[in-house]
Amino acid sequence: MSGEGGLPHSLHILPPLHIPAMPGAPEVDSYAASFWFLTAGIILGLSLLMRVMMAVSPGVIQNLIEWLVETVQELADSILGPAAERFMPLFIALFLFILTGNLLGLLPGCMSPTASYHTNAAMAIVVALATQYAGIRAHGLKGYLRHFMPPPCPWWFMYSLMWWMWPLIHVLEQFIRPISLTMRLFGNIFAKEILLLMLAFVAATFMLSPSAVIKGFSVLPFILRPAIILLGTLVSIVQAAVFTILTMVFVAMAMEGHEEGHGEAVAREESGSGITHS
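Attention in this report is confined to the structure presented alongside it. Not measured: the values here are computed from a predicted model.

### Things to note about the overall build of the protein
Broken down by element type, the protein carries eight helices and two strands. Helices (α) and strands (β) of the protein occur, in sequence order from the N terminus, as β-β-α-α-α-α-α-α-α-α. Expressed as a percentage of its 278 residues, the buried residues of the protein come to 37%. Considering only residue pairs separated by 6 or more positions, the protein has 68% of its internal contacts joining residues 24 or more positions apart. Within the structure as shown, the protein displays about 16000 Å² of accessible surface, and the carbon and sulfur contribution to it stands at 75%.

Pasting the structure below:
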């Protein structure tokens, strides 16, 4: 199945999850779905462990998770302000799931569920729906739809170009955002999976060679692996942060809208005409 990670099927520690056929979609055996549940189980297990540890004494895991959550909260507050609290569960869930899923692929025999574009597309669709909800909640349905209307401009420019191009651009933007979120995360994490697979393949090829000289080169992938793991860890953290921050920005843009900008433009026109008449 395309987009299901970088390891051959026989090397995964979990069996694929069988997904039956649905209208318009064939049945599949998905390793990404298996590791999706493993990632969710890890997060749930750590959450329950934290609750138990809080009753006894805080540990390193609890301090780390609290620091991550506080960092996400601070970022959301700086971008969204007081409105961030309403969407905080979404931001924290996205960040922890993506980070855990990305790091999971660094373990031997595991794959990152985010190395499948199916997983990323599902998260991107949730973000797109949350963005529309935020805009409608902030401005009402009519106010949010006004966001797709062109701003004040000369009549000849309005009726020749802006009346159809402005709405088209903004509608396309709503579809391009989830596609961009999906492919950015998929490309970076899938590349990490492929790179780790290539190191394992090269090491196995050298070790099985009849030549003693070539067998000596089999140590090179093991020397390079720590550097690749370190790079993969950095990419995992950065991509989780990028996905979450972009989600915050999209929600903030939907709540901001363009009515304020339109109103300011109208006010400037009115003040300008007042100065002219005076």
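### Concerning a negative patch on the surface
On the surface, Glu70, Glu74, Asp77 and Glu85 cluster together into a patch of negative charge. Ranked by residues supplied to the negative patch, first place goes to helix 2 (residues 60–80) with three residues. Mapped onto the secondary structure, Glu70 falls in helix 2. Among the residues examined, Glu70 registers a relative accessible area of 43% and is labelled partly exposed.

### Examining the side chain of Thr39
Counting through the fold element by element, Thr39 comes out in helix 1 (residues 31–56). Each residue touching Thr39, except ones within four places of it in the same chain, is listed here: Phe97, Thr100, Gly101, Leu104 and Pro113.

### Comments concerning the packing of aromatic side chains
In the structure shown here, the tally under the stated rule is six aromatic pairs. Relative to Tyr133, the ring of Phe87 lies with its centre 6.3 Å away and its plane at 70 degrees, an arrangement referred to as edge-to-face. Here Phe87, found in helix 3 (residues 84–104), pairs with Tyr133, found in helix 4 (residues 117–145); they are 46 residues apart in sequence, far enough to count as distant. Judged by its relative accessible area of 5%, Phe87 falls in the buried class. The class for Tyr133 is partly exposed, based on a relative accessible area of 42%.

Cut-off values and rules
- Residues numbered from 1 in each chain as written.
- Predicted model: local features only at pLDDT ≥ 70, side-chain atom pairs only at ≥ 80, totals over all residues.
- Heavy atoms only, no water.
- Helix = DSSP H or I, 4+ residues; strand = E, 2+ residues; numbered from the N terminus.
- Buried < 20%, exposed > 50% of the residue type's maximum accessible area, 1.4 Å probe, protein only.
- Contact = heavy atoms within 4.5 Å.
- Areas by Shrake-Rupley, 256 points an atom, 1.4 Å probe, with all protein chains shown as cover.
- Patch = residues over 30% accessible without salt bridge, like charges linked within 9 Å, V, L, I, M, F, W, Y side chains within 5 Å.
- Salt bridge = Lys/Arg side-chain N within 4 Å of Asp/Glu carboxyl O.
- Lys, Arg positive; Asp, Glu negative; His and termini not counted.
- Charge placed at Lys NZ, Arg CZ, Asp CG, Glu CD.
- Phe/Tyr/Trp six-rings, centres within 6.5 Å; stacked < 30°, edge-to-face > 60°.

The values reported here are purely geometric and, on their own, carry no functional implication.
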